[in-house]
Amino acid sequence: MTASYRLLDPTMRWALRRFAGFGYRWSIELAEEMLGPDIDVVPVLERLVELGLVQVRGSGAFRFFLL
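For every chain, the first residue of the written sequence is number 1, and numbering continues from 1 along that sequence. Two thresholds apply to this predicted model, a pLDDT of at least 70 for residue-level local features and 80 or more for giving and counting side-chain atom pairs, whereas whole-chain, interface and lining totals are computed over all residues. Water and hydrogen atoms were dropped before computing side-chain values, which therefore reflect all heavy atoms in the structure.

Section: helix α2 (residues 28-35)
Turning to step 1, where the next piece is worked out: Categorising residues by exposure relies on relative accessible area from a 1.4 Å probe, with only protein chains included: less than 20% of the type maximum marks a residue as buried, more than 50% marks it as exposed, and the intermediate range marks it as partly exposed. To qualify as a helix, a DSSP run of H or I must reach at least 4 residues; to qualify as a strand, a run of E must reach at least 2; elements of each kind are numbered from the N terminus. Turning to α2, its buried residues are Ala-31, Met-34 and Leu-35. The arc that holds the buried residues of α2, viewed along the axis, is 85°, so those residues lie on one side. Exposed side chains of α2 directed beyond 90 degrees from the buried face belong to Glu-29 and Glu-33.
Turning to step 2, where the next piece is worked out: Buried residues in α2 make contact with α1 (10-20) and α3 (41-50). Directions are taken from the helix axis to each C-beta atom, and the arc is the one they span. When checking whether two residues touch, look at their non-hydrogen atoms; a contact exists if any pair is within 4.5 Å.

Focus on a negative patch on the surface
Turning to step 1, where the next piece is worked out: Only residues whose relative accessible area exceeds 30% and that take part in no salt bridge are eligible for patches, with like-charged residues grouped when within 9 Å of each other and nonpolar side chains (Val, Leu, Ile, Met, Phe, Trp, Tyr) grouped when within 5 Å. Accessible surface is estimated by sampling points in the Shrake-Rupley manner with a 1.4 Å probe; for residues, cover comes only from the protein chains shown. A carboxyl oxygen of Asp or Glu within 4 Å of a side-chain nitrogen of Lys or Arg is what we treat as a salt bridge. For the purpose of charge, His is not counted, nor are the chain termini; Lys and Arg are scored as positive and Asp and Glu as negative. Each charge is placed at NZ for Lys, CZ for Arg, CG for Asp and CD for Glu. On the surface, Glu-29, Glu-32, Glu-33, Asp-40 and Glu-46 cluster together into a patch of negative charge.
Turning to step 2, where the next piece is worked out: Here the negative patch takes 3 residues from α2, the largest share from any one element.
Turning to step 3, where the next piece is worked out: Mapped onto the elements, Glu-46 comes out in helix α3.

Section: the packing of α1 against α2
When two helices pack together, their arrangement is given by the angle between their axes and by how far apart the axes lie.
Turning to step 1, where the next piece is worked out: Note on geometry: axes are C-alpha line fits, over the in-contact stretch for helices, and angles between N-to-C directions span 0 to 180 degrees. The N-to-C vectors of α1 and α2 enclose an angle of 115°; their axes lie 10 Å apart at closest approach. In terms of their interaxial angle, α1 and α2 are classed as roughly perpendicular. Crossing of α1 over α2 shows right-handed handedness. The segment α1 lies against α2, with Trp-14, Ala-15, Arg-18 and Phe-19 engaging Ala-31, Met-34 and Leu-35.
Turning to step 2, where the next piece is worked out: When residue character is reported, Ala, Val, Leu, Ile, Met, Phe, Trp, Tyr, Cys and Pro are called nonpolar, Asp, Glu, Lys and Arg charged, and the others, Gly included, polar. Split into classes, the residues belonging to the contact of α1 with α2 amount to 6 nonpolar, no polar and 1 charged. Between 65 and 115 degrees an angle is taken as roughly perpendicular, under 35 as roughly parallel, over 145 as roughly antiparallel, and anywhere else as oblique. Note on convention: near helix rotated counterclockwise from far helix by under a right angle means a left-handed crossing. Clockwise means right-handed.

Right under this line is the structure:
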């Protein structure tokens, strides 16, 4: 399933813009730093992966990246 940026809620759009500023793969810990302490990063990443906007790789420590 692929989603349009315009169909995302404002929090998801903001998070996606923050992740786009990071040019390579990132970990959950780095995502937490990028989004700040007020955002629960796991549900955001899960939703973006579910929508096909972010992919996850890794067998141990997960690494995320934009398509």
